[in-house]
Amino acid sequence: MKTSKMTILCAVLCGSLMCSSCIGSFGLWNNLKDWNQGIGHKFVNEIVFLAFHIIPVYEVAYFADILVLNSIEFWSGSNPLADVGNIKTVKGEDGEYMVRTNEDGYTITKVGEEDRPLNLVYNQDNRTWNAVTAEGQNFELITMNEDGTITFKQADGTPLTVSPDLQGVAAARAANGQSLFLAAR
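Residues numbered from 1 in each chain as written. Predicted model: local features only at pLDDT ≥ 70, side-chain atom pairs only at ≥ 80, totals over all residues. Heavy atoms only, no water.

S.K.: Got a minute to help me understand the overall build of the chain in this structure?
M.R.: Within the chain, the regular secondary structure consists of 5 helices and 8 strands. When the helices and strands of the chain are read in sequence order from the N terminus, they spell out α-α-α-α-β-β-β-β-β-β-β-β-α. A burial count over the chain gives 18% of its 185 residues as buried. The contacts in the chain between residues at least 6 apart in sequence include a share of 16% that link residues at least 24 apart. Approximately 13,900 Å² of the chain is accessible, and the part contributed by carbon and sulfur atoms is 62%. (Helix = DSSP H or I, 4+ residues; strand = E, 2+ residues; numbered from the N terminus. Buried < 20%, exposed > 50% of the residue type's maximum accessible area, 1.4 Å probe, protein only. Contact = heavy atoms within 4.5 Å. Areas by Shrake-Rupley, 256 points an atom, 1.4 Å probe, with all protein chains shown as cover.)

And the structure:
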């Protein structure tokens, strides 16, 4: 009895170590779920849901995501099932913007100014994100460093390397004279 409890405890601990990494976006399973939800009537959705569990469509999609697609996404940094061509509308402070997903980044267009898109392009060779204007001007925004940090050019042109977390954002804002913190009485 004691050895079976110890075996179960070891299995749970090993499983928790294996699952503590990047979980991925589960693109295949989410696309399948979204397709089912988009069918229409809730009773039809339920019938398809049950049928996809009897014929293990959901389970196979989930298994493929876990073993293949999320592993590819983790090691390559790109989702093989990214919604290329998908357009979302985002409301900003000064208007609405359309954001289209491309294979190498995004195209952002302000509604009403469709002739002036801005492309955000990821260059895999240089590991940089670049802004490309409608006129063809190319500006390097950030460099993704091998050690996990990010380097960007400040307003005066000097490079600054920060970590991609809240502490890095705070350091970047402090270096550029902006404050992230509010004083309280």
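Here the narrative resumes, following the displayed structure.
S.K.: Even after reading the chapter, I still don't get the side chain of Thr107, so can you show me in this structure?
M.R.: With respect to the element layout, Thr107 can be found in strand S3 (residues 105-110). The buried category is assigned to Thr107, whose relative accessible area is 8%. In terms of polar contacts, Thr107 uses its side chain to reach the side chain of Asn102, at 2.8 Å. Here Thr107 is in contact with Met98, Val99, Arg100, Asn102, Pro117, Leu118 and Asn119, once residues within four sequence places are set aside. (Polar contact = N/O pair within 3.5 Å; in protein donor to acceptor, adjacent residues only side chain to side chain.)

S.K.: How should I be thinking about the sheet that holds strand S7 (residues 150-153) in this particular structure?
M.R.: Two strands in a sheet stick together by hydrogen bonds in their backbones, pointing the same way (parallel) or opposite ways (antiparallel). The antiparallel open sheet is built from 8 strands, whose spatial order is S1-S2-S3-S4-S5-S6-S7-S8. In the strand order of this sheet, the two ends are held by strand S1 (87-92) and strand S8 (159-162), each with one partner. Within this sheet the neighbouring strands show an average axis-to-axis angle of 25°, counted without direction. Across the sheet, helix H5 (residues 166-175) is in contact with S7 and S8; its angle to S8 comes to roughly 155°. (Pairing = 2+ DSSP bridges. Axes fitted to C-alpha atoms, helices over the stretch in contact; angles between N-to-C directions.)

S.K.: Could you clarify how one ought to interpret the packing of aromatic side chains in this entry?
M.R.: The relative placement of two aromatic rings is captured by the distance of their centres and the angle of their planes. This structure, assessed with the given rule, holds 2 aromatic pairs. Between Tyr106 and Trp129 the ring centres are 6.3 Å apart and the planes differ by 15°, which places this aromatic pair in the stacked class. Of the two residues, Tyr106 is situated in strand S3 and Trp129 in strand S5 (residues 128-132); the sequence distance between them amounts to 23 residues. The exposure class assigned to Trp129 is partly exposed, which follows from its relative accessible area of 25%. The interplanar angle of 45° and the centroid separation of 5.3 Å between the aromatic rings of Tyr122 and Trp129 together place this pair among those described as tilted. These aromatic residues form a ring-pair network of at least three members: Tyr106, Tyr122 and Trp129. (Phe/Tyr/Trp six-rings, centres within 6.5 Å; stacked < 30°, edge-to-face > 60°.)

S.K.: Even after reading the chapter, I still don't get the confidence of the model for the chain, so can you show me in this structure?
M.R.: Low-pLDDT portions of the prediction should not be read for the details of their coordinates. For the chain, mean pLDDT is 76; residues scoring 70 or higher make up 79% of the total. Within the model, the stretch residues 180-185 combines pLDDT values under 50 with 4 contacts to residues more than four positions away or in other chains. (pLDDT = per-residue confidence, 0-100.)

S.K.: Is there a simple way to think about the pattern of salt bridges in this case?
M.R.: Opposite charge on two side chains makes pairing possible when the charged atoms of those side chains draw close. Counted under the stated rule, the structure contains 4 salt bridges. For Glu113, the salt bridge goes to Arg116, with nearest N and O atoms at 3.5 Å. By relative accessible area, Arg116 is classed as exposed at 54%. In this structure, Glu146 engages Arg127 in a salt bridge whose closest nitrogen and oxygen atoms are separated by 3.4 Å. Within this pair, whereas Glu146 is found in the loop between strand S6 (138-144) and S7, its partner Arg127 is found in the loop between strand S4 (118-123) and S5, the two being separated by 19 residues in sequence. On the basis of relative accessibility, which here comes to 29%, the residue Arg127 falls in the partly exposed class. (Salt bridge = Lys/Arg side-chain N within 4 Å of Asp/Glu carboxyl O.)

S.K.: How should the pairing of S6 be read in this particular structure?
M.R.: Walk down a regular strand and you will see the side chains alternate between the two sheet faces. Relative to S6, S5 runs antiparallel, the two sharing 5 bridges. Along S6, the bridge assignment pairs Thr128 with Thr143. Pairing analysis gives 3 bridges linking S6 to S7, with the strands arranged antiparallel. Bridging across to S7, Thr143 finds its partner in Thr151. Remark: 5 residues form the turn of the hairpin made by S6 and S7, two consecutive strands paired antiparallel; Gly148 in that turn has positive phi of roughly 90°.

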